[in-house]
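Architecture and fold: a report
The residues making up each chain are set out below.
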Amino acid sequence: MVTADSFEQTLQSVEKRMGLSLTLHDMAGAFHTPAGKPLFPHRRESHQKLPVCLNGFSNKCLDHCRYAVNARAGRERESFVHFCWKGLQEVVVPIERDGEFLGSLFGGIWRHRQRRRMPYSPPLPRAAVEAYHQLDPFPKDQFDTLSSVLKIVAKGLVHMLDELHASHDQPEAGAATRRAEIQRFLRARATEPVRLTDL
């Protein structure tokens, strides 16, 4: 049975098995319990859990990962490798449900294979540079495998989300209730403008 704890536990297991870090950007606000609580801790949505990202973190980081990368994922709807201004690379997989873009799953993190030095514009703290040099270069030959596994993880998370909400939507007597019907409607249209008359 899927519980609220299943989501973070799943990503932790995948990280341990694959030896990489996962970041999930929930752009549609879909990954919440039926009561509205986030299913992932805040650190799961931030690259700042990684020393190379934490040191020298700035608005430039937000502009790139939170906005530019997610815009590309939402537009292209296919996995890709992104290259950030710090010289870092990650595999990015769009998360979708019924054609709706929910967010992005990032897997990594590596340094660019051909860059031995970290870019210095703007100047970065020494700790960021040291963390950069400790990273492995991006395994370009493994992109297809990484992409495939992360797509399965993303689809699995969406399936778990649907299962969690479906189990909550079942009233004790088994008949549909108005409240459950409204909650399903709002979840399905979370990223669209909804008017009271639509309900």
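From a predicted model like this one, the values you see are computed outputs, not experimental measurements.

1. Quick word on the confidence of the model for the protein chain
- Per-residue pLDDT for the protein chain has a mean of 87; in total, 83% of the residues score no lower than 70.
- In the model of the protein chain, helix 6 (residues 178-188) stands out as the element of lowest mean pLDDT, 63, in contrast to strand 1 (residues 21-26), which has the highest, 97.

2. Quick notes on the side chain of Asn70
- Following the sequence through the fold, Asn70 ends up in helix 3 (residues 59-76).
- Since its relative accessible area comes to 3%, Asn70 is described here as buried.
- In this structure the side chain of Asn70 is engaged in a polar contact, spanning 2.8 Å, whose partner is the side chain of His25.
- Among the polar contacts listed, one links the side chain of Asn70 to the side chain of Ser104, at a separation of 2.6 Å.
- When near neighbours in sequence (up to four residues on either side) are disregarded, Asn70 contacts His25, Met27, Cys65, Phe101, Gly103, Ser104 and Phe106.

3. What about the layout of surface pockets?
- Taken as a whole, the largest pocket encloses approximately 240 Å³ of empty space.
- Lining the largest pocket are 20 residues, with His47, Phe57, Cys61, Leu62 and Cys65 positioned closest to its centre.
- When residues of the lining of the largest pocket are traced back to their parent elements, those giving at least two are helix 3 and strand 3 (88-97).
- With 5 residues, the single largest contributor to the lining of the largest pocket is helix 3.

Criteria and cut-off values
- Residues numbered from 1 in each chain as written.
- Predicted model: local features only at pLDDT ≥ 70, side-chain atom pairs only at ≥ 80, totals over all residues.
- Heavy atoms only, no water.
- pLDDT = per-residue confidence, 0-100.
- Helix = DSSP H or I, 4+ residues; strand = E, 2+ residues; numbered from the N terminus.
- Buried < 20%, exposed > 50% of the residue type's maximum accessible area, 1.4 Å probe, protein only.
- Polar contact = N/O pair within 3.5 Å; in protein donor to acceptor, adjacent residues only side chain to side chain.
- Contact = heavy atoms within 4.5 Å.
- 1 Å grid on protein atoms, 1.4 Å probe; cavity = no way out; pocket = protein on both sides within 12 Å on 5 of 7 lines; lining within 4 Å.
- Points joined across faces, edges and corners; volume = space filled by probe spheres on them.

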